[in-house]
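Read off the chains here:
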Amino acid sequence: MKKITLKDIALYFDVSISTVSKAVNDSHEISRELKQRIQEYAKAHHYKPNKLALNLLNRSTKTIGVIVPNILNYFFVQVLYGIEKVANENGYNIISCISDESYEKESKTLEFLDSGTVDGLIISLAEETQVKERMEGLREITESQIPLVLFDRVSDLIECDKVIVDDFEAGYKTTKFFFNLGCRNVAFVSPIGKSSVGKLRLSGYKKALEEAGIPFDEKLVVNFTPKDDLDLLMSFLLNYKSIDGILGLDEITAVKILHIVKSRGYNVPKDVSIVGFTNGQLSQYVTPSLTMVSQHGKFIGEKAAELLIKRIQNPDRPFETKVVKTSLLVRDSTKKLQ
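Please read all numbers here as calculations on a predicted model, not as lab measurements.

Undergrad: How do you make sense of the sheet that holds strand 8 (residues 245–248) when you look at a structure like this?
TA: In a beta sheet, neighbouring strands pair by backbone hydrogen bonds and run either parallel or antiparallel. The strand order across the open sheet built from six strands is 7-6-8-9-10-12, with neighbouring strands paired in mixed fashion. Where the open sheet ends on each side, the last strands, each with one partner, are strand 7 (221–223) and strand 12 (327–329). Strand-to-strand, the axes of this sheet are offset by a mean angle of 20°, without reference to chain direction. Both strand 10 (residues 291–294) and strand 12 contribute to a ladder of three bridges, which runs antiparallel. By the bridge assignment for strand 12, S294 is matched with S327. Across the sheet, helix 10 (residues 196–212) lies against strand 6 (186–190), strand 7 and strand 9 (273–277), angled at about 175° from strand 6, the strand it touches most. Packing of helix 11 (residues 230–240) onto the sheet brings it into contact with strand 6, strand 7 and strand 8, and relative to strand 6 it is tilted by some 160°.

Undergrad: Sorry if this is basic, but what is going on with the sheet that holds strand 5 (residues 161–165) here?
TA: Ordered in space as 2-1-3-4-5-11, the six strands form an open sheet in which the pairing is parallel. With partners counted over all chains shown, the strands left at the sheet margins are strand 2 (93–98) and strand 11 (321–324), one partner each. Going across the sheet, the axis of each strand differs from the next one's by a mean of 15°, ignoring polarity. Docked against the sheet, helix 5 (residues 74–89) engages strand 1 (63–68), strand 2, strand 3 (120–123) and strand 4 (148–151), running at close to 160° with respect to strand 2. Each of strand 1, strand 2 and strand 3 is contacted by helix 6 (residues 103–113), which is oriented at about 175° to strand 1, the strand it contacts most.

Rules of the game
Residues numbered from 1 in each chain as written. Predicted model: local features only at pLDDT ≥ 70, side-chain atom pairs only at ≥ 80, totals over all residues. Heavy atoms only, no water. Pairing = 2+ DSSP bridges. Helix = DSSP H or I, 4+ residues; strand = E, 2+ residues; numbered from the N terminus. Axes fitted to C-alpha atoms, helices over the stretch in contact; angles between N-to-C directions. Contact = heavy atoms within 4.5 Å.

Shown next as structure tokens:
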């Protein structure tokens, strides 16, 4: 069966397409009698509104675009959940895209979303974008006056609303936690070493070392990429020095570290204490359960969506930056406090 369109209904009643659109949307601008006839005809012929056509008339898509760098990181899954919750409560849908840490992929996605597809954008920058400091795509978005919120991985080069985690404090406090357990040789293992988040956590780690009077040892910092063999890098680390604490910068990394350390015959937490970032399902159900730094991803997603919707409704309001504190969830992978 051929799908009936606004144009078909307009031809039948010999009125404009705009009149039909107003009638099916129950506008008070159309007489009650004509509106009723058009609505009955549309219903009888199983008319379904063409969202794109309505968007062009209304200048609104009721859709929010979201770009995240890595969907395998449970933090971003939690953020997406928070965004979708608030978006749906406010009558918005979301289009979620993954940049895969690639500047080029992020740029192409921005081009697609800049074509009137969405009412606003929520983005966490790809690592490659941050390294290259290439913000042309984002500048075009802001110049097009498309509302934008950056979260987690942000840039000072772009003026917009932002939701950030206090990553410096997270790195600092977590390292101090290791020292309070009696650990002295604390390794820092990061798959996001070139991102703003990874750099801030490392700065916090260094600050805690300095305060404790422990010299910074660059061989205790392991930055790796998906192409690297983490098993091999961990072997070098464990052979280098008697490591008694390891901080992994995301959940999957922490779980892999736990597996590698245990397979080498170490007892966790008696010999080595391990802490990871992002409180997901994996960390709770491995043995021993992992102590984790919670970044409150769902809350960050909710705040980002709230800021974006406020910006859509009121484009002239001052930009806001919301800072979210982390919290430590102590489980069985760390020694008891001394």
